[in-house]
Amino acid sequence: MAVIHRTALAPTKLELLTSWLPSRPWYRGGAGEPEPARSGGFRLDDPQGEVGIEFIVVTDTSGPHPTAYLVPLTYRGAPLDGAEHALVGTMEHGVLGRRWAYDGCHDPVLVAQFAALIEGRVQAQDQNTSNTPDRDVTRSCAGEGLIPTDFTTTATDDREGTALAVAPGATIRLHRVLRPAQDGTPLLPQGAAGHVSASWSTVDGVRARGLFAVLHTGSGAQSDARRGRAS
């Protein structure tokens, strides 16, 4: 299980995201600098114990309306080969030393563990407490073996989010811009084969719940692939 260290980071994660968010095609902020604040999230464990995996929800109030974003990050003790384009920045950790923070959609460790979460093979962990499951995170999967355990991922950003092509005919679509579900009950799109949902706090202090990601197979996955090529 991952250990959460109570220590200082320089720069902080929010400081890194302030510079990084405007570079994303799904960012909806205004012309000014982003003003991200933590709103929720969860962690996953790396089976090898080497990579920190965190799904952060931040709410940005710099635009005309507050917007909640899903930002999966990985933290490594050394650069990830071939992932220079996905580097969010480096931080000095009070216990672990220098850490390289990556957009987790381009990190194979995060993608593999997220696929395992959707299929129910691992459990989400609390964002701030060591060795504590986060039972607020829910998931579903229509069958076994929809996502292979050995795959090469292609991550494609567009206006709405990120499509992770995890296998021929299987795509995990991350909702980077989070939208509260009506009555707090997320509804899966037609043909969805699985999902992950969780809660976050709005700027008013109200708990909202919505879809974080949806698994598409068959024609739905092919539509995601075409949308990614067109973006």
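The structure presented is a predicted model; accordingly, all values stated were derived computationally and were not measured.

Analysis parameters
- Residues numbered from 1 in each chain as written.
- Predicted model: local features only at pLDDT ≥ 70, side-chain atom pairs only at ≥ 80, totals over all residues.
- Heavy atoms only, no water.
- Salt bridge = Lys/Arg side-chain N within 4 Å of Asp/Glu carboxyl O.
- Helix = DSSP H or I, 4+ residues; strand = E, 2+ residues; numbered from the N terminus.
- Buried < 20%, exposed > 50% of the residue type's maximum accessible area, 1.4 Å probe, protein only.
- Pairing = 2+ DSSP bridges.
- Axes fitted to C-alpha atoms, helices over the stretch in contact; angles between N-to-C directions.
- pLDDT = per-residue confidence, 0-100.
- Contact = heavy atoms within 4.5 Å.

(A) Examining the pattern of salt bridges more closely. Taken as a whole and judged by the stated rule, the model has 12 salt bridges. Across the pair Arg24 and Asp157 runs a salt bridge whose closest N-O atoms are separated by 3.5 Å. A residue pair is termed long-range when its members are at least 10 positions apart, and Arg24 in the loop between α1 (13-20) and β2 (36-44) and Asp157 in strand β8 (residues 154-157) qualify at 133 residues. The pair formed by Arg24 and Asp157 is uniform in burial state, with each residue classed as buried. Its salt-bridge partner being Arg173, residue Asp158 comes within 2.6 Å of it at the nearest N-O pair. Of this pair, Asp158 sits in the loop between β8 and β9 (161-167) while Arg173 sits in strand β10 (residues 170-175), and the two are 15 residues apart along the sequence. Taking relative accessible area as the criterion, Asp158 reaches 5% and is therefore assigned buried. One network of salt bridges, in which partners are shared, links Lys13, Arg38, Arg43 and Glu54.

(B) Representation of the sheet that holds β10 within the structure. If you walk across this open sheet you meet the six strands as β7-β12-β13-β10-β9-β8, and the pairing is antiparallel. Either end of the sheet is taken by a strand with one partner, and the two such strands are β7 (138-141) and β8. On average, each strand axis in the sheet is inclined to that of its neighbour by 15 degrees, with strand direction left out of account. As paired elements, strand β12 (residues 192-201) and strand β13 (residues 207-217) share nine bridges and run antiparallel to each other. Note on β13: the bridge partner recorded for Ser199 is Arg209.

(C) View of unusual backbone geometry. Backbone geometry at Asn131 places phi at a positive 55 degrees, although glycine is not the residue there. Structurally, Asn131 is set in the loop between α2 (108-118) and β7. Of note, Asp183 is a non-glycine position whose phi angle comes to about 65 degrees, a positive value. Locating Asp183 in the fold gives a position in the loop between β11 (177-178) and β12. Classification of Asp183 by relative accessible area gives exposed; the value is 72%.

(D) A look at the confidence of the model for the protein. For the protein, per-residue confidence averages 89 on the pLDDT scale, and residues scoring 70 or more make up 91% of the total. In the model, residues 225-231 has pLDDT below 50 throughout and makes six contacts with residues more than four positions away in sequence or in other chains.

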